[in-house]
Amino acid sequence: MSQPSQAPAPLLQVSDLKRYFDVKNSLLSGKSGHLRAVDGVTFNVTAGETLGLVGESGCGKSTLGRVVSRLLPATDGEILFEGRDIIDIDRKALLALRADIQSVFQDPSASLNPRMTAFNLIAEPLVIQKIGTRASRRDKVLDLLETVGLRREFADRYPHEFSGGQRQRIGIARALALDPKLLILDEPVSALDVSIQAQIINLLEDLQKRLDLTYLFISHDLSVVQHVADRVAVMYMGQIVELADNEAFYANPQHPYSIALLSALPLPDPTIARKRILLEGDLPDPANLPQGCRFQSRCAHVTDRCRVGPEPEMQEISPGHIARCHNLADIHAPIEQKQTA
Amino acid sequence: MTTVSSLDSGAVAPVSARESLFARLKKNRLSLFGGVLVLLAVFMAISAPFLPLQDPDAVDASSRLAPIGAPGHLLGTDELGRDILSRMFWGGRITLLVSIAATLIAMIAGTFLGLVSGYFLGWTDTVISRGIDVLMAFPYFLLALTVIAILGPGLLNGMLAIALVNVPFFARIIRGSTLSLREADYVLAAKGMGAGHSRILFRHILLNSLPTLVVATTINLGFMITAAAALSFLGLGVQPPTSDWGTMLASGRQYLSSAPHTSYLPGLAIFLTVLGFNLLGDGLRDALDPRMRD
Ligand SMILES: Nc1ncnc2c1ncn2[C@@H]1O[C@H](COP(=O)(O)OP(=O)(O)OP(=O)(O)O)[C@@H](O)[C@H]1O
Ligand SMILES: [Mg+2]
């Protein structure tokens, strides 16, 4: 991507990142192979922005988030944070990095130790990183409770005594305790009631503005991502297949997979209906990918070229808008049809 | 920092998920009965020095094998004329002390091994698990006897022997719970804050294994009482003049026909205490950790 020279260096630069899991194909044959959960992913995140990462269940979003936050080792590739490599670092540097990159997990009832109070949960990162005195930590934790919209009096309660939304607020407060720069939000609202989702999203947007945070926002909900993200990356079977600014992506998706995903979204003007494109065909076995394009089995625009190697490369459609498809030139976003109702 | 306007309402999730342990135990009458038996045994062990009991070792040749209800001896006397009531209290104290100490030793060693092998996996797990398998390959009692043959008989050695035999029980249970808890999201979250292994092991995994551990310990105490009594019965545990329920049972055995109470009473005490721990353990398991049901 060509960037103007005066643009600030991205906070996070990920290039050709891979994460494979070893899998036994079958107990009988004993054959083992790789499951390419993340398979050559490249993207940047600029300080202050929200990059939305969308894709179906199992496409590798969480794995990507975990590798970037150094919770899982990378198989191959490069991750730079503030311009510095974070894969090959010693323990001390890793501990410091942990303060800069924090995560919020999907299910707050699973990510909060059920036997710790809200206070101890939020204080734990400070204790681990040996930040402050007992008294200063106490003040910080109580402030954080208020920051995320919880009352100070809740500090001594256990997770099961909170509602789902309140629990996620504790998860967010904990992630903020170390004053991180980048938050990996792994489906932070997916486990919550729809009525609570908006509250948590508003909280996250508000925090981003006030605390200068950068978000990698993982979700399978395209309308949530449309609401929060500055840029959108679409993931399919371990790869990013399209990456674009929010407006460009939602107005003019390029990859057949993106087009299909978006066709399920209601348009703001209810008199206009999109042609719904159903994704048919089977997902390939992630441990045994076909030759050619990974999307061929479900693609409406598949050609012979897609069925033979090599895989399509990323192509630039317009500045900052890239997609991975052989047939971009022949594909148009579904024609919006005026309904005569 | 300022407060976000949208304060969540103070409403709180129902606490029913955490109905008090006692409330749940109370529903299970059998385990309540077990709890009463255990309390009774513990009371005997603790209160022995404070009650106006006769000297348990005072020999009285003039009233040997006195029956239950004999004047001055509520539960009669044994073959040396010692007061059985007093000896039941003092002997229970030894039996319980040895069993509890042995259980604690086995619990600490087994928990540590289980945590380490279930968490680190790899060769650490291989070495520990194979060691545990070797311990388990010996017949339970033979292993205890082997240890005593090496160390010599006695209270302390007997205790160590039955502790060693019970290490695998704890190691296996805790390894299992560690294997599942190590994948928990809160462990991942702790890692993401920079937590070291010991913090993850003790603050997160062990803390969440506590219910399992409480249940396992209670059930194990039942085994231990049988094992301690059996060793003493064989003369390999407590050495005279000290005696526990096991030695009382052994010495009373010779007078089974003429003075059956001298062996029935300690035997009954052992039986009821073991029953108490097992019933209580079952109730705790159902209340705290239903997954442990085999
Ligand atoms: N520890 C692991 N061992 C083996 N395979 C794994 C492991 N973790 C994830 N996978 C596999 O990697 C692929 C990607 O998983 P991942 O959890 O990253 O997907 P996801 O996009 O986050 O899905 P979801 O929306 O369900 O959270 C899946 O096929 C999954 O089965
Ligand atoms: Mg996920």
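Residues numbered from 1 in each chain as written. Chains lettered and ligands numbered in written order. Predicted model: local features only at pLDDT ≥ 70, side-chain atom pairs only at ≥ 80, totals over all residues. Heavy atoms only, no water.

**Student:** Before we go on, may I ask you to explain the overall build of chain A in this structure?
**Tutor:** Per the secondary structure count, chain A includes 11 helices and 14 strands. Taken over C-alpha atoms, the radius of gyration comes to 21 Å for chain A, in line with the 20 Å a tight globule of 341 residues would show. A principal-axis box enclosing the C-alpha atoms of chain A has dimensions of 65 × 60 × 55 Å. For chain A, the residues scored as buried account for 50% of the 341 residues in total. (Helix = DSSP H or I, 4+ residues; strand = E, 2+ residues; numbered from the N terminus. Rg over C-alpha atoms; globule rule 2.2 N^0.38 Å. Buried < 20%, exposed > 50% of the residue type's maximum accessible area, 1.4 Å probe, protein only.)

**Student:** Help me understand helix α5 (residues 134–147) of chain A, please; the structure alone is not making it clear to me.
**Tutor:** Residues and elements named next belong to chain A. If you check α5, its first and last C-alpha atoms are 20 Å apart, about what 14 residues at 1.5 Å a residue would give, namely 20 Å. Of the residues making up α5, those classed as buried are R137, V141, L142, L144, L145 and T147. Looking at the packing, one finds that the buried side of α5 touches α4 (118–128), α6 (164–176) and α7 (194–211). Just past α5, the residue G149 takes up positive phi, approximately 85 degrees. (Expected span 1.5 Å × (residues − 1). Contact = heavy atoms within 4.5 Å.)

**Student:** What is the right way to look at the site of ligand 1 in this model?
**Tutor:** Residues and elements named next belong to chain A. In the vicinity of ligand 1, the contacting residues are F21, L35, A37, E56, S57, G58, C59, G60, K61, S62, T63 and E187. Between ligand 1 and G58, the relevant distance is 2.7 Å, taken from an oxygen atom to a main-chain nitrogen or oxygen of the residue. At a separation of 2.6 Å, an oxygen atom of ligand 1 approaches a polar side-chain atom of S62. Out of a free accessible area of 630 Å², ligand 1 has 62% covered by protein chains. Elements with a minimum of two residues in the shell around ligand 1: β2 (32–45) and α1 (61–68). Of the residues forming the shell around ligand 1, the biggest block, 3 residues, is contributed by α1. Split into classes, the residues belonging to the shell around ligand 1 amount to 4 nonpolar, 5 polar and 3 charged. (Near = heavy atom within 4 Å. Polar contact = N/O pair within 3.5 Å; in protein donor to acceptor, adjacent residues only side chain to side chain. Areas by Shrake-Rupley, 256 points an atom, 1.4 Å probe, with all protein chains shown as cover. Nonpolar A, V, L, I, M, F, W, Y, C, P; charged D, E, K, R; others polar.)

**Student:** How should I be thinking about the sheet that holds strand β3 (residues 50–54) of chain A in this particular structure?
**Tutor:** Strands in a sheet are paired, the pairing made by backbone hydrogen bonds, and the direction either parallel or antiparallel. Residues and elements named next belong to chain A. Here we have 8 strands laid out as an open sheet, ordered β6-β7-β8-β3-β9-β10-β13-β12, and mixed in their pairing. In the strand order of this sheet, the two ends are held by β6 (101–104) and β12 (314–318), each with one partner. Ignoring strand direction, the axes of neighbouring strands in this sheet form an average angle of 20 degrees. Two elements, strand β7 (residues 182–186) and strand β8 (residues 214–219), share 5 bridges in a ladder whose sense is parallel. Counted as the bridge partner of D186 is I218 from β8. With respect to the sheet, α1 is in contact with β3, β6, β7, β8 and β9 (231–236), its orientation differing from that of β7 by roughly 155 degrees. Most of the contacts of α7 go to β8, to which it runs at about 160 degrees, and overall it touches β3, β7 and β8. (Pairing = 2+ DSSP bridges. Axes fitted to C-alpha atoms, helices over the stretch in contact; angles between N-to-C directions.)

**Student:** I'm lost on the domain arrangement of chain A in this one. Help?
**Tutor:** In many reports, interface size means the accessible area that the parts give up when they come together. All names here are of chain A. With domains assigned, chain A is organised as domain 1 (12–100 + 180–340) and domain 2 (110–179). Each of domain 1 and domain 2 has a C-alpha centre, and the two are 30 Å apart. The interface of domain 1 with domain 2 comprises 17 residues on the first partner and 12 residues on the second. Overall, the association of domain 1 and domain 2 removes approximately 1,200 Å² of surface from exposure, summing both partners, and the carbon and sulfur fraction of that is 69%. For the side of domain 1 that touches domain 2, the secondary-structure elements that each account for two or more residues are α2 (91–100) and α7. (Domains from an automatic or database assignment. Buried area = accessible area lost by both parts, 1.4 Å probe.)

**Student:** What is the right way to look at the packing of aromatic side chains in this model?
**Tutor:** Throughout the structure, instances matching the rule amount to 8 aromatic pairs over all chains. Between Y257(A) and F295(A) the ring centres are 5.3 Å apart and the planes differ by 65 degrees, which places this aromatic pair in the edge-to-face class. Note that Y257(A) is positioned in helix α10 (residues 256–262) and F295(A) in the loop between β11 (272–273) and α11 (304–307), a separation of 38 residues in sequence. The burial state of Y257(A) is the same as that of F295(A); both residues are buried. Aromatic side chains F169(B) and F223(B) sit 5.6 Å apart centroid to centroid with 85 degrees between the ring planes, which places their arrangement in the edge-to-face category. (Phe/Tyr/Trp six-rings, centres within 6.5 Å; stacked < 30°, edge-to-face > 60°.)

**Student:** Sorry, what's going on with α1(A) here?
**Tutor:** Each turn of an α-helix holds 3.6 residues, which means side chains three or four residues apart point in the same direction. Residue and element names in this part refer to chain A. Counting buried positions along α1 yields 6 of 8 residues, so the element is predominantly enclosed. Looking at α1, one finds that the buried residues are K61, T63, L64, G65, V67 and V68. Two residues or fewer after α1 comes R70, characterised by a positive phi angle close to 60 degrees.

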